[in-house]
Amino acid sequence: MENLLGLLRIHVQRGVNLAIRDVVSSDPYVVIKMGKQKLKTRVVKKNLNPEWNDDLTLSISDPHAPIHLHVYDKDTFSLDDKMGDAEFAIGPFIEAVKMRLHGLPNNTIVTKVLPCRQNCLAEESHIVWKDGKVVQNMVLRLRNVESGEVELQLHWIDIPGSRHL
């Protein structure tokens, strides 16, 4: 607990154009891993463009640790099929949180993260000031699969008594 910086709320919004793993569709769900933490969304039946709208919360002690996202197809009688994976870093997001911004107009862009070979971003990701907090929207392009993207939104939650950023 003494090494804890805060909590990262990951709002898993939806998947777009996910790969088919069953006969004509898939039953996708998302697993997010960071270090020893592992969180999972609910399964959406028979949908290649699922709307999860699930909130997953990771405790952050190392802001440089990458976060891994995996999409699976739920199977009843066999192992779940892989539907792609992605990885992202929260470094730029943490830097924006460290700025301790206050009083900015809603939807002010604090910084931008451009897609490159080192991240799985499908498009430019904006870190914005919204409703009194720092928020990052991102679209991750899945690797090791023929198609698919996952849309996420990041929020930071301060914890009383935690190490300050």
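Please refer to the structure higher up on the page.
Overview of the structure. Worth saying up front: this structure is predicted, and the values here are computed from it rather than measured.

**What about the sheet that holds strand β2 (residues 28–34)?**
Point 1. The four strands lie next to each other as β3-β2-β5-β6, forming an open sheet whose pairing is antiparallel. Unpaired on one side and paired on the other, β3 (37–40) and β6 (81–88) mark the two borders of the sheet. Direction aside, neighbouring strands of the sheet carry axes that sit 20 degrees apart on average.
Point 2. Relative to β3, β2 runs antiparallel, the two sharing four bridges. In the strand pairing of β3, Lys33 is matched with Lys38.

**Looking at the side chain of Asp75**
Point 1. You can see Asp75 is positioned in the loop between β5 (67–73) and β6.
Point 2. The charged side chain of Asp75 is buried without a salt bridge, its nearest counter-charge being Arg21 at 8.6 Å.
Point 3. Those residues in contact with Asp75, other than ones at most four positions away along the chain, are Asp22, Asp80 and Asp81.

**Overview of the sheet that holds strand β9 (residues 133–141)**
Point 1. Pairing is antiparallel across the open sheet formed by six strands, whose spatial order is β4-β1-β10-β9-β8-β7. The sheet is open, and its two borders are formed by β4 (51–60) and β7 (108–113), each paired with just one other strand. For this sheet, the mean angle separating the axes of adjacent strands, direction not counted, is 20 degrees.

**Examining the state of the cysteines**
Point 1. Per the stated rule, a full pass over the model turns up zero disulfides.
Point 2. Its sulfur unpaired, Cys116 is 9.4 Å from the next cysteine sulfur, which belongs to Cys120.
Point 3. Residue class for Cys116 comes out partly exposed when judged on its relative accessible area of 37%.
Point 4. The class of Cys120 is buried, set by a relative accessible area of 8%.

**Notes on the pattern of salt bridges**
Point 1. Across all of its chains, the model carries eight salt bridges by this definition.
Point 2. Taking the shortest distance from any N to any O, the salt bridge between Asp85 and Arg143 comes out at 2.9 Å. Of the two residues, Asp85 is situated in strand β6 and Arg143 in the loop between β9 and β10 (149–157); the sequence distance between them amounts to 58 residues.
Point 3. Assessed through its relative accessible area of 13%, Asp85 is described here as buried.

**Considering the environment of His68**
Point 1. With respect to the secondary-structure elements, His68 resides in strand β5.
Point 2. For His68, a relative accessible area of 27% puts it in the partly exposed group.
Point 3. If sequence neighbours within four positions are ignored, His68 has contacts with Val31, Ile32, Lys33, Ala86 and Glu87.
Point 4. A polar contact is formed between the side chain of His68 and the side chain of Glu87, at a distance of 3.3 Å.

**Quick look at the pairing of strand β8 (residues 125–130)**
Point 1. In the sheet, β7 pairs with β8 via five bridges, with the strands oriented antiparallel. Residue pairing in the sheet places Ile109 in a bridge with Val128 of β8.
Point 2. By the bridge criterion, four bridges tie β8 to β9 in an arrangement that is antiparallel. Counterpart to Trp129 in the pairing with β9 is Val134.
Point 3. The turn joining β8 and β9, which pair antiparallel and follow one another in sequence, is formed by two residues; a positive phi near 55 degrees is taken by Asp131.

**What to know about the environment of Gly161**
Point 1. Mapped onto the fold, Gly161 is located in the segment after β10.
Point 2. What makes Gly161 exposed here is its relative accessible area of 84%.
Point 3. Residues Gly161 and Leu4, spaced 157 residues apart in sequence, show a C-alpha to C-alpha distance of 9.1 Å.

Calculation notes
Residues numbered from 1 in each chain as written. Predicted model: local features only at pLDDT ≥ 70, side-chain atom pairs only at ≥ 80, totals over all residues. Heavy atoms only, no water. Pairing = 2+ DSSP bridges. Helix = DSSP H or I, 4+ residues; strand = E, 2+ residues; numbered from the N terminus. Axes fitted to C-alpha atoms, helices over the stretch in contact; angles between N-to-C directions. Buried < 20%, exposed > 50% of the residue type's maximum accessible area, 1.4 Å probe, protein only. Lys, Arg positive; Asp, Glu negative; His and termini not counted. Salt bridge = Lys/Arg side-chain N within 4 Å of Asp/Glu carboxyl O. Contact = heavy atoms within 4.5 Å. Disulfide = S-S within 2.5 Å. Polar contact = N/O pair within 3.5 Å; in protein donor to acceptor, adjacent residues only side chain to side chain.

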